[in-house]
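Commentary on secondary and tertiary structure
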Amino acid sequence: MAWTEAQEKAITSRNQNLLLSAAAGSGKTAVLVERIIRRLIDVDNPADITEIMVVTFTKAAAGEMRERIGAALLKAAEDETLSAAVRESARRQAALLPSARISTFHAFCQYVLRTRFYTIDL
């Protein structure tokens, strides 16, 4: 896919907080998926899918994000133009995808309350 300059900057920026804000249909989900995939298969400084949190407004968006990330990982795992190490990393991340924190804001807050209730005297 051909990314715009702003999209490419969002995909490749590192070591900073990032907020993506754009109109519906502008490619935000595609940019976020590409950003995540590149981080997961980065040879020099790979991230782990279990260390990334993706929060959306709707269950449908969270499901779509999970599906797109899974499809992109499987595609990378089968891409013969990538190194064997990158393909293996993509396979490992795909296997870990069910453990990934990809949810709605409400589901994330519910998770925090269920797992950390004791810290707020509930």
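We now turn to the structure provided with this report.

Cut-offs and rules
- Residues numbered from 1 in each chain as written.
- Predicted model: local features only at pLDDT ≥ 70, side-chain atom pairs only at ≥ 80, totals over all residues.
- Heavy atoms only, no water.
- Helix = DSSP H or I, 4+ residues; strand = E, 2+ residues; numbered from the N terminus.
- Buried < 20%, exposed > 50% of the residue type's maximum accessible area, 1.4 Å probe, protein only.
- Contact = heavy atoms within 4.5 Å.
- Areas by Shrake-Rupley, 256 points an atom, 1.4 Å probe, with all protein chains shown as cover.
- Lys, Arg positive; Asp, Glu negative; His and termini not counted.
- Charge placed at Lys NZ, Arg CZ, Asp CG, Glu CD.
- Phe/Tyr/Trp six-rings, centres within 6.5 Å; stacked < 30°, edge-to-face > 60°.
- Lys NZ or Arg CZ within 6 Å of the ring centre and 35° of its normal.

Okay, the overall build of the protein next. A count of helical and extended segments in the protein gives five helices and two strands. Counting helices and strands in the order they occur from the N terminus, the protein gives α-α-β-α-α-β-α. In terms of overall dimensions, the protein has C-alpha extents of about 55 × 35 × 30 Å along its principal axes. Within the protein, the proportion of its 122 residues that are buried is 30%. The long-range fraction of contacts in the protein, counting pairs at least 24 apart against all pairs at least 6 apart in sequence, stands at 60%. Of the roughly 8400 Å² of accessible surface on the protein, 56% is carried by carbon and sulfur atoms. Taking the average location of the 16 positive side-chain charges in the protein and that of its 14 negative ones, the two points are 6 Å from each other.

Within the structure shown, the criterion is met by two aromatic pairs. Aromatic pair F57 and F105: ring centres 5.0 Å apart, planes at 45 degrees, arrangement tilted. With a gap of 48 residues between them, F57 in the loop between strand 1 (53–56) and helix 3 (59–78) and F105 in helix 5 (residues 105–116) connect regions that are remote in the sequence. Pairing F117 with Y118 gives two aromatic rings, centres 5.6 Å apart and planes at 85 degrees, and the pair type is edge-to-face. What makes Y118 exposed here is its relative accessible area of 54%. For the cation-ring pair, R101 lies above Y111, with the distance from its terminal atom to the ring centre recorded as 3.6 Å.

Nothing here speaks to function; it is geometry throughout.
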